[in-house]
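Residues per chain, in single letters:
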Amino acid sequence: MNIGVVGLGFVGLSVSCVFANKGLNIHGVDIDEQKMSIINQKKSPFFEPEINEILDKVLNKSLNVNSNLEKCVKESEIIFVCVGTPSNSDGSSNLNYLKNTCKDISKFLNKIQDGKFRIIVIKSTIPPQTIETEIMPLMKQNTSKQIGVDFDICSNPEFLKEGSAINDMLNPHLVVIGTNNEKTKYKINNFYTKLYSDSVNIMNTTIVNAELIKYTNNSFLATKISFINNIANICNKIPGADVEIIAEAIGMDPRIGKMFLKAGPGYGGSCFPKDVVGFLNFIKLQGFSMPILESTHKINQNQPLEIIKMIKSKLSDIDGKNISILGLSFKKNTDDIREAVSIKIVNKLLEQNAKIKVNDPMAIPNFKQIFNEKIDYCDSIEDCLKDSDCCVILTEWDNFKNIQPEMFVKLMKNPIIIDARRIFDVNKFKDIADFTALGYGK
Ligand code: UGA
């Protein structure tokens, strides 16, 4: 089966690789020539576990990548649209890439005379009602073909996570298909049941529900994180309190569940911050409000300051101090620093004249593009810790977990550790003389 994937960013490339590895013929399209040239060298433009291995296997066999959208539309039965929908400065979603793509697709559809019913599947995260009130009218203007008769457009939000994208794509907890058309419903259901050999949960619903499901899902997860971070901030002030124990206990209640209760410096990445603000913007435009989600956002914006407070509680004067930052990416197993807390914390520390050294297994090249010469980039943890007055752990990379307390003591001027991700059992560290380790929320 020939499938098109438009937009080879994080979602589009992961989807293309997994589909191609399952034997489908994938035509991937992007407008970014540089990105495609990297992919065509069998390399992913971003770090993601397993993706290079799959690219190596499928590229120029079941996966072909170029900028020819017209050919992609002509040859594909189903076209997945995975283009970015970044935030505008007012928090609304920038739909330009999506609109341009859909406009071009409709123009190309107009030229095709083979009588085949093609389906455009929107995977990009978009505000509710976008497909029906903006994309369908736009497509109608640009083609004489009839929506629902000659071709169709439906919603199929994606739930994969960076750092585990391939595994998430292979084992989705749910596939949501939003369509108001029986033929589209049948064809997309058939596509996914064949792809996953009947083992997948599929929810069929309307287009608007599918759009709302995605925003609600991310908003709820973000709220869970801000909720536990709020509790962690309270625990920080209560002697003997420990957010991890509390999270473990409440997580055993099946009505709550264990996941997304890890307190930390705040959620980052290309999704939660953007989608929470995008949903709030949508809600406001409808004349409603959602105070709980506003609080989720506010708590998250304040989290970097909570970490700065912890640093200040041990280093009263930051001016001129050497501070080591371990972990720059917004979470482990990715080189993505979009909306990463590390950027906010490094900026705050620089404002107070700290000298910053950083280490991260993957994200240094991206971080350099923001901070250039303003900070020192260290290839090893040892270099990063040397002569430091304070070490702040911001990302939970596995290699940081193996650092022994003795190494901090040996290398640092002052072994003060602020563990914002709680990767260490700081109680063990407390037995060492002259050692200060603060676990966030403890
Ligand atoms: C998130 C969702 O989890 C995916 O389901 C969704 O498909 C994706 O957004 C998207 O909309 O495209 P992602 O942003 O890749 O995925 O990463 P998450 O694992 O959800 O982490 C987001 C942020 O929350 C990270 O900064 C992470 O460190 C933080 N987090 C996560 C916590 O602070 N505590 C937790 O318990 C979990």
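In what follows, the structure referred to is the one given above.
Below: a short report on this structure. Residue numbers restart at each chain and count upward from 1, following the sequence in its written direction. At least 70 in pLDDT is required for a residue's local features to be given in this predicted model, at least 80 for side-chain atom pairs to be given and counted, and no such filter applies to totals for whole chains, interfaces and linings, which use all residues. Only heavy atoms go into the side-chain values, all of them from the structure, while hydrogens and water stay out.

Brief notes about the overall build of the protein chain
Then, in step 1: For the purposes of this entry, the term helix denotes a DSSP run of H or I that reaches at least four residues, the term strand denotes a run of E that reaches at least two, and both are numbered from the N terminus. When helices and strands are tallied, the protein chain shows 18 helices and 14 strands.
Then, in step 2: Over its C-alpha atoms the protein chain spans a radius of gyration of 24 Å, differing by no more than 12% from the 22 Å that the globule rule assigns to 442 residues.
Then, in step 3: Referenced to the eigenvectors of the C-alpha coordinate spread, the extents of the protein chain come out at roughly 80 × 45 × 40 Å.
Then, in step 4: Only protein chains enter the accessibility calculation, which uses a 1.4 Å probe; a residue is then buried when its area is under 20% of its type maximum, exposed when over 50%, and partly exposed in between. Within the protein chain, the fraction of its 442 residues that count as buried is 53%.
Then, in step 5: Taking the average place of the 53 positive charges on the side chains of the protein chain and the average place of its 51 negative ones, the gap between the two points comes to 3 Å. Values of the radius of gyration come from C-alpha atoms, whereas the globule rule sets the reference at 2.2 Å times the count of residues to the power 0.38. Positive: Lys, Arg. Negative: Asp, Glu. His and the chain ends are not part of the count. Charge positions are represented by NZ for Lys, CZ for Arg, CG for Asp and CD for Glu.

Section: the state of the cysteines
Then, in step 1: Whenever a pair of cysteine sulfur atoms sits within 2.5 Å, that pair is classed as a disulfide. Counting across every chain of the model gives 0 disulfides.
Then, in step 2: Left without a disulfide partner, Cys82 is nearest to the cysteine sulfur of Cys72, which lies 11 Å away.
Then, in step 3: The exposure class assigned to Cys82 is buried, which follows from its relative accessible area of 9%.
Then, in step 4: In this model Cys102 remains outside any disulfide bridge; the closest cysteine sulfur is found in Cys154, 11 Å from its own.
Then, in step 5: By relative accessible area, Cys102 is classed as buried at 0%.

Some remarks on helix α1 (residues 10-21)
Then, in step 1: Look at α1: 17 Å from first C-alpha to last across 12 residues, which is about the 16 Å you get at 1.5 Å a residue.
Then, in step 2: Of all the 12 residues making up α1, 10 are buried; the element is thus mostly covered by neighbouring parts of the structure.
Then, in step 3: All of the buried residues along α1 are Phe10, Gly12, Leu13, Ser14, Val15, Ser16, Cys17, Val18, Phe19 and Ala20.
Then, in step 4: Immediately downstream of α1, the backbone of Gly23 shows phi near 100°, a positive value. Helix span, expected: 1.5 Å multiplied by one less than the number of residues in the helix.

Structural notes on the site of the ligand
Then, in step 1: Here a residue counts as near a molecule or strand whenever at least one of its heavy atoms sits within 4 Å of it. In the vicinity of the ligand there are 19 residues, among which Phe159, Leu160, Glu162, Lys214 and Cys271 approach most closely.
Then, in step 2: Contact between the ligand and Leu160: an oxygen atom at 2.7 Å from a main-chain N or O atom of the residue.
Then, in step 3: At 2.7 Å, a backbone N or O of Glu162 approaches an oxygen atom of the ligand.
Then, in step 4: Contributing elements (two or more residues each) for the shell around the ligand: α9 (207-237) and α11 (272-285).
Then, in step 5: Element by element, the count of residues in the shell around the ligand is highest for α9, at 3 residues. We define a polar contact as two N or O atoms separated by no more than 3.5 Å, with the added condition that, inside protein, one atom must be a possible hydrogen donor and the other a possible acceptor, whereas residues neighbouring each other in sequence contribute only through side-chain atom pairs.

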